[in-house]
Amino acid sequence: MSANDIHDMDSLTETEEMEEMEGDTELGMIDEEVVYLQEFLPTYHSIKEGARITKAHQAEFDGNPDSLFFNDGVRRIDFILVYEDEDKKEFDKRHKSQRCKRRREYFEATLMKMGIELEGTHSVLDEKLLFVKVHMPWDVLCTYAEVLHIKMPIQSNDLSTRSNTWRYLSMVTKNFYPDEKMIIKEAEYFTAPFEKARLEYYLVKDKETFFTPAMRSRMAYYILSRAPYEIRGNVKKFGITKLLDGGVYKAAYPLHDCRFNVESKEERCPNERYLLYNYWAHPKSFYKMQPLDLIRKYYGEKIGIYFAWLGFYTIMLSLAAAVGLGCFIYGWKTRDTSTWSKEVCDPDIGGRIVMCPQCDRECKFWRLNNTCEASKNLCVFDNYGTLVFAVFMSIWVTLFLEFWKRYQAKLEYEWDTVEFLEQEEPARPEYEAKCVYERKNRITGVNEKVPYHACGRCLRVSIGIGTVLFWILLILASIVAIIVYRLAAFFAFSAKLRAQDLKELEPLKEYVTPQMATSVTASIISFVVIMILNILYERVAIWITDFELPRTKTDYENSLTLKMFLFQFVNYYSSCFYIAFAKGKAVGFPGEPVYIVGKYRNEECDPGGCLIELTTQLAIIMGGKAIWNNIQEVLLPWVKNLIFRHCTNKGSSEKVLPRWEQDYQLQPLPKLGLFYEYLEMVIQFGFVTLFVASFPLAPVLALVNNLFEIRVDAWKITTQFRRIVPEKAQDIGTWQPILQGVAILAVATNAMIIAFSSDMIPRLVYYWSFSVYPYGNHLNHTMQGYIDSSLSVFNIEDFSNYSRPMFTPENITTCRYRDFRYPPGHHRQYQYTIYYWHVIAAKLAFIIVVEHIVYLTKFVLSYVIPDVSYKVREQIKREKYLTQVILHETNLKLVTKRLKPPNDVTVKEAKVNLANEELELGF
């Protein structure tokens, strides 16, 4: 088996196609395939040719371009297949396309043998293009509804789902919900898995509308994914996905029910797409709640649960954003009144303090008040309000996750996905296609086919883990490269920006410091590197997951999610972790600086700390990521659709296009489109929670982005993409434990940011230590003199020859640097003072106390708030009870019919026999 054939969806190369065609020529068709084609293809051709659209039908169609039915106007279109007619291709391409034609004919003949009805029609714009309409008859729908365990209504819901309090509240909030006259709330039913034998117990009012279009499309895609298109000996090739990748078909999709901006003239069309656009995707509805039931009905539960989670996350963010904005405003109001910033800016204090050079040779001495503006900006984010906000966010994230579980449980019940994962999920077609080995199932005891032996599975997983680790090391290497750039850039900026002859920078002198210039440029470079590595790794992660060959789609998505998130976590957050916990922590002092690889002097923080640089990094990455994602998600599909329509409609704009051809001109949704939406939001969730102590405005930026994200995603899938194949989903999948892991890690990171990155703990130690250890002139229980006490003294004569500045101003014998060390001349000169050890002890105590308090609070909240509300539990029990009653009545009728007494049997004997039968059945 070749490497290219590991994934069944991989497209065949031209060489492989030619080899297979030559093999067919030499060996001939396989007998099974020949017999099959001889028996069924004549019928297939006669039906298909008779289904070509006639002029009469064309005239009827021109008046109704939004028809969703076959030419007879009765059979509903459940799926569309598109291909190019090989007979009208160029002569040199016909030979290569004959195999595609044979595969397609075999595939469509198989579909018709399975009961699917097909109808073909030519394109209005391109004579080479053909559309195959797919219809699921009633018997086929019933069969596959039972196979897929689709739940259908059995009785109206007789339990009240809304309290009186909610009814009163809805009178106030109704303006924030879609118009109920347009989007009518669906009746609530108790449901049970569909069984064809018990059809009379389901509420079947109309066979045409009993199964919704989304259900019909889902069942159609299930069949298309498993219908064979070629049989070679014991190897059966099947699945529409492989045919799409191999170019046999150009597209396969379910139909939108109408145009998004025009109501359909078709009487039987519900116009759900039109409603979704006007009351969900349109910008005028940005302040309204989402019509989740209609989203779920039209696109399926998987899309519905994503938008439900995104909407719930956005609502919860509004509270965090309000508190974060208040914290920011508090910091902004106090930036000019804080004692330490005033001392930095004071010409008599900060103006007289000469700071030591922060690099070797080229860097110069500088005055502390040069960082006046940076010190004020630091006070905006580094204040006591930030501490309160960090603790609040740790509690907020727990409330968010717990309340989401409750809301998710409610949606699970309402959308009939409570027992979805308990049912056996079908294997992926790509997995089934590779099953060539037999293995005994330990649970059922039956031999089943698997694609590899146990050692093969271990080998595949090991290769995947090794590849992921390699890419993570590649990220770390890029981080080291950026650190080296920081060192070199700071050296260059220090030499240039502090030069006395740069008059053009005089107005920006307070704002453009070497630290700020280095931070901004390094953040931009880091963002560019992140995006490039993302693009490369996405392909690698998909290849690895395909190589591992997971059995079900859920297993596939979970495996890919873990790989992608692990990579993205390191890619996006590693630079932030470096600034927060590594930069400026091991720099030595001017006389003995620490060097990296023996050449580059380790980077120091600004005298105010590294917190402002971490804030800058977060703002650039979050803002840049949001802008880039919007360009990718909105602009690219819109431009592609514009170009495609321009090329295909050239010179034929007067022609009316049918519904299926209008949809063909839209973009197909990427196979992992929803996965990337989740990934984008979870990475944002990490920025909001992991580093919120350094950037209180992160929830505000996330809230604004999400308000746009919801409508942009809605606009995109409603107007720019073909209709998505509906899929079932019980919850947000493996993203739930990832969010919980991020929430737990966030408590530790925020406590450590406050302890090690901000200047809060040294200030508190200075403030409360006046009565025991009066540091400096601190005798009045204020912050006066803090700046002087936080800067140590260094004798410039103690510079080494390698690090001594090239230019030393006159009348300067000492300089200051940020540390807590004894001054020169002391018997322990340049060693750590008692103040340093007090600060370290206070930092460790702060981390331990805050973590324990917050974790205890999180545990209590998780225990107190149940995952499923009482009302939902009641409804689930009621539904299970009704299902059992129906099953009992059905079995009872079958037993009664079997044991109906003949004329010579007494009624008493019949009752005894019936009772014995019931006991045997366990009633």
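Every chain begins its residue count from 1, and numbering advances along the sequence as written. Totals for whole chains, interfaces and linings use all residues, but because this is a predicted model, local features are given only for residues with pLDDT of at least 70 and pairs of side-chain atoms are given and counted only at 80 or more. For the side-chain quantities, the full set of heavy atoms in the structure was used; hydrogens and water were omitted.

Caption draft 1: View of helix 23 (residues 698–720). Runs of E in the DSSP output that reach at least two residues are strands. Runs of H or I that reach at least four are helices, and both are numbered from the N terminus. Multiplying 1.5 Å by the helix residue count minus one yields the expected span of that helix. Compared with the 33 Å implied by 1.5 Å per residue over 23 residues, the 30 Å span of helix 23 between its first and last C-alpha is a close match. Remark: exposure states derive from per-residue accessible area (1.4 Å probe, protein chains only) relative to the maximum for the residue type, with buried under 20%, exposed over 50%, and partly exposed in between. Counting buried positions along helix 23 gives 18 out of 23 residues, so the element sits mostly inside the fold.

Caption draft 2: Structural view of the state of the cysteines. The criterion for a disulfide is a pair of cysteine sulfur atoms lying within 2.5 Å. For the structure shown, the criterion picks out two disulfides. Disulfide pairing places cysteine 345 opposite cysteine 372 at an S-S distance of 1.9 Å. On the sign convention where negative is left-handed, the bridge of cysteine 345 and cysteine 372, at about 100° about the S-S bond, is right-handed. Note that cysteine 345 is positioned in helix 13 (residues 339–345) and cysteine 372 in helix 14 (residues 372–381), a separation of 27 residues in sequence. With no disulfide of its own, cysteine 379 has cysteine 345 as its nearest cysteine by sulfur position, at a separation of 8.5 Å. Cysteine 379 sits in the buried class, given a relative accessible area of 2%.

Caption draft 3: Broad picture of unusual backbone geometry. A positive phi angle, near 55°, is found at asparagine 271, a position not held by glycine. Relative to the elements of secondary structure, asparagine 271 occurs in the loop between strand 8 (251–253) and helix 10 (272–281). Despite not being glycine, tyrosine 830 shows a phi value in the positive range, around 65°. With respect to the secondary-structure elements, tyrosine 830 resides in the loop between strand 18 (814–818) and helix 27 (834–864).

Caption draft 4: View of helix 22 (residues 673–690). Helix length check: helix 22 (18 residues) gives 26 Å between terminal C-alpha atoms against 26 Å at 1.5 Å per residue, within 8%. Of all 18 residues that make up helix 22, 17 are buried, and the element is covered over most of its length.

Caption draft 5: Representation of the sheet that holds strand 8 in the model. Taking strand neighbours across the sheet as the criterion, the four strands line up as 2-3-1-8 in an open arrangement whose pairing is antiparallel. The sheet terminates laterally at strand 2 (117–122) and strand 8, the two strands that pair on one side only. If you compare each strand with its neighbour and ignore which way they point, the axes differ by 20° on average. By the convention used here, strands pair only if DSSP detects at least 2 bridges between them. Where strand 1 (residues 79–84) lies against strand 8, three bridges are found, and the strand directions are antiparallel. Paired with isoleucine 80 across the two strands is tyrosine 253, which belongs to strand 8. On top of the sheet, helix 8 (residues 213–224) reaches strand 1 and strand 3 (129–135); it is set at about 45° to strand 1, its chief contact. Axis geometry follows a simple rule: fit a line to the C-alpha atoms, using only the stretch in contact for helices, then measure angles between N-to-C directions, giving values from 0 to 180 degrees. Contact criterion: two residues are considered in contact whenever any of their non-hydrogen atoms come within 4.5 Å of each other.

Caption draft 6: Focus on the packing of helix 10 against helix 23. Contact pair helix 10 / helix 23: the axes reach a minimum separation of 10 Å and the direction vectors enclose 160°. Viewed along their axes, helix 10 and helix 23 adopt a mutual orientation that is roughly antiparallel. Along this stretch, helix 10 crosses helix 23, giving a crossing that reads as left-handed. Counted together, Arg273, Tyr277, Trp280 and Ala281 of helix 10 and Ile710, Arg711, Ala714, Trp715, Ile717, Thr718 and Thr719 of helix 23 form the full contact between these two elements. In this classification, the charged set is Asp, Glu, Lys and Arg, the nonpolar set is Ala, Val, Leu, Ile, Met, Phe, Trp, Tyr, Cys and Pro, and all remaining amino acids, among them Gly, are polar. Classifying every residue of the contact of helix 10 with helix 23 gives seven nonpolar, two polar and two charged. Roughly parallel covers angles under 35 degrees, roughly antiparallel covers those over 145, roughly perpendicular covers 65 to 115, and oblique covers all other angles. Note on convention: the crossing is left-handed when the near helix lies turned anticlockwise from the far helix by less than a right angle, right-handed when the turn is clockwise.

Caption draft 7: Summary view of the pattern of salt bridges. Here, a salt bridge means any Lys or Arg side-chain nitrogen found within 4 Å of an Asp or Glu carboxyl oxygen. Per the stated rule, a full pass over the model turns up 24 salt bridges. Taking the shortest distance from any N to any O, the salt bridge between arginine 103 and glutamate 230 comes out at 3.2 Å. Of this pair, arginine 103 sits in helix 4 (residues 91–113) while glutamate 230 sits in strand 6 (residues 228–232), placing them 127 residues apart in sequence. By the burial criterion, arginine 103 is buried, and glutamate 230 matches it. Salt-bridge contacts for arginine 763 lead to aspartate 382; the nearest nitrogen and oxygen are separated by 3.6 Å. Linking arginine 763 in helix 25 (residues 760–768) with aspartate 382 in the loop between helix 14 and helix 15 (384–414), this pair joins segments that are 381 residues apart in sequence. Here aspartate 382 falls in the buried class, since its relative accessible area comes to 1%. Each member of the salt-bridge network shares a partner with another, and the members are Asp382, Asp759, Arg763 and Arg818.

Caption draft 8: Geometry of the side chain of asparagine 71. Mapped onto the secondary structure, asparagine 71 falls in the loop between helix 3 (55–62) and strand 1. A polar contact is formed between the side chain of asparagine 71 and the side chain of lysine 133, at a distance of 3.3 Å. For the purposes of these results, a polar contact is taken to be a pair of N or O atoms within 3.5 Å, where, inside protein, one atom must be able to donate a hydrogen and its partner to accept one; residues adjacent in sequence count only when each atom of the pair is a side-chain atom.

Caption draft 9: Examining the side chain of arginine 296 more closely. Tracing the backbone through its elements, the reader meets arginine 296 in helix 11 (residues 292–299). Take arginine 296: its relative accessible area is 18%, and that puts it in the buried class. There is a polar contact of 3.0 Å between the side chain of arginine 296 and the side chain of glutamate 301. Among the polar contacts listed, one links the side chain of arginine 296 to the backbone oxygen of tryptophan 415, at a separation of 3.2 Å. Once residues within four sequence positions are removed from consideration, arginine 296 is found in contact with Glu301, Glu414, Trp415 and Asp416.

Caption draft 10: Just the nonpolar core, in detail. Judged by nonpolar contacts, the single largest core of 134 residues is most densely connected at Trp280, Tyr299, Trp309, Tyr313, Trp396, Phe400 and Phe687. For this core, the element with the highest residue contribution is helix 12 (residues 301–334), accounting for 14 residues. Excluding its chain neighbours within four sequence positions, the residues that come into contact with phenylalanine 400 are Trp309, Phe312, Tyr313, Met316 and Phe685. The definition of a nonpolar core used throughout is a set of buried Ala, Val, Leu, Ile, Met, Phe, Trp, Tyr and Cys residues joined through side-chain atoms within 4.5 Å. Counting residues in each nonpolar core, the second largest holds 48 residues, with Tyr83, Tyr201, Tyr202 and Ile876 among its members.

Caption draft 11: A look at the environment of isoleucine 183. Residue placement: isoleucine 183 occurs in the loop between helix 6 (164–173) and strand 5 (189–193). The class of isoleucine 183 is buried, set by a relative accessible area of 16%. Separated by 89 residues in sequence, isoleucine 183 and glutamate 272 place their C-alpha atoms 8.8 Å apart. Excluding residues that lie within four positions of it along the chain, isoleucine 183 makes contacts with Pro178, Tyr279, Pro291 and Leu294.

Caption draft 12: Region of the structure containing a nonpolar patch on the surface. Nonpolar side chains collect at one region of the surface, where Ile535, Ile627, Trp628, Ile631, Leu635, Trp638, Val639, Leu642 and Ile643 lie side by side and expose about 780 Å² of accessible area between them. The topology assignment puts leucine 642 in helix 20 (residues 611–648). Taking relative accessible area as the criterion, leucine 642 reaches 42% and is therefore assigned partly exposed. Residues forming no salt bridge and having over 30% relative accessible area are the ones grouped into patches, like charges within 9 Å of each other and nonpolar side chains (Val, Leu, Ile, Met, Phe, Trp, Tyr) within 5 Å. In this description, accessible areas are obtained by the Shrake-Rupley approach with a 1.4 Å probe, and a residue is regarded as covered only by the protein chains that are shown.

Caption draft 13: Geometry of the packing of aromatic side chains. Each Phe, Tyr or Trp ring (for Trp, its six-membered ring) is paired with any other whose centre lies within 6.5 Å, and the angle between the two planes then decides the class: stacked below 30 degrees, edge-to-face above 60, tilted in between. Tallying each qualifying case throughout the model produces 57 aromatic pairs. Ring centres 6.3 Å apart and planes at 70° place the aromatic pair phenylalanine 365 and phenylalanine 799 in the edge-to-face group. Within this pair, whereas phenylalanine 365 is found in the loop between strand 9 (354–355) and strand 10 (366–367), its partner phenylalanine 799 is found in the loop between strand 17 (791–795) and strand 18, the two being separated by 434 residues in sequence. In terms of burial, phenylalanine 365 and phenylalanine 799 fall into one category: buried. Pairing tyrosine 572 with phenylalanine 687 gives two aromatic rings, centres 6.2 Å apart and planes at 85°, and the pair type is edge-to-face. Taken together, the residues tyrosine 572 in helix 19 (residues 553–581) and phenylalanine 687 in helix 22 connect sequence positions 115 residues apart. Of the residues examined, tyrosine 572 reaches a relative accessible area of 3% and is grouped as buried. Note on phenylalanine 687: relative accessible area 1%, which makes it buried. The aromatic ring of tryptophan 332 is capped on one face by arginine 335, whose charged end is 4.5 Å from the ring centroid. A ring has a charge above it when a Lys NZ or an Arg CZ is no more than 6 Å from the ring centre and no more than 35 degrees off the ring normal. Lying across the ring of tyrosine 572, lysine 625 places its NZ or CZ 5.6 Å from the centre.

Caption draft 14: Spatial organisation of the environment of leucine 487. In this fold, leucine 487 is placed in helix 17 (residues 454–497). Given the relative accessible area of 8%, leucine 487 is considered buried. Considering only alpha carbons, one finds leucine 487 and isoleucine 596, 109 residues apart in sequence, at a separation of 9.7 Å. Leave out the neighbours within four places in its chain, and leucine 487 touches Ile596, Tyr600, Arg601, Asn602 and Glu603.

Caption draft 15: View of the confidence of the model for the chain. Residue-level pLDDT values for the chain average 78, and 77% of them are 70 or greater. Scored from 0 to 100, pLDDT records how confident the predictor is in each individual residue. Between the elements of the chain, mean pLDDT differs from a low of 39, seen in helix 1 (residues 14–27), to a high of 93, seen in strand 8. Here residues 918–923 is modelled with pLDDT under 50, and outside its nearest four sequence neighbours on either side it reaches six contacts, counting other chains as well.

Caption draft 16: Structural view of the packing of helix 12 against helix 15. Where helix 12 contacts helix 15, the two axes come as close as 10 Å, and the packing angle between them is 165°. It follows that helix 12 is roughly antiparallel to helix 15 by the angle criterion. The hand of the helix 12/helix 15 crossing is right-handed.

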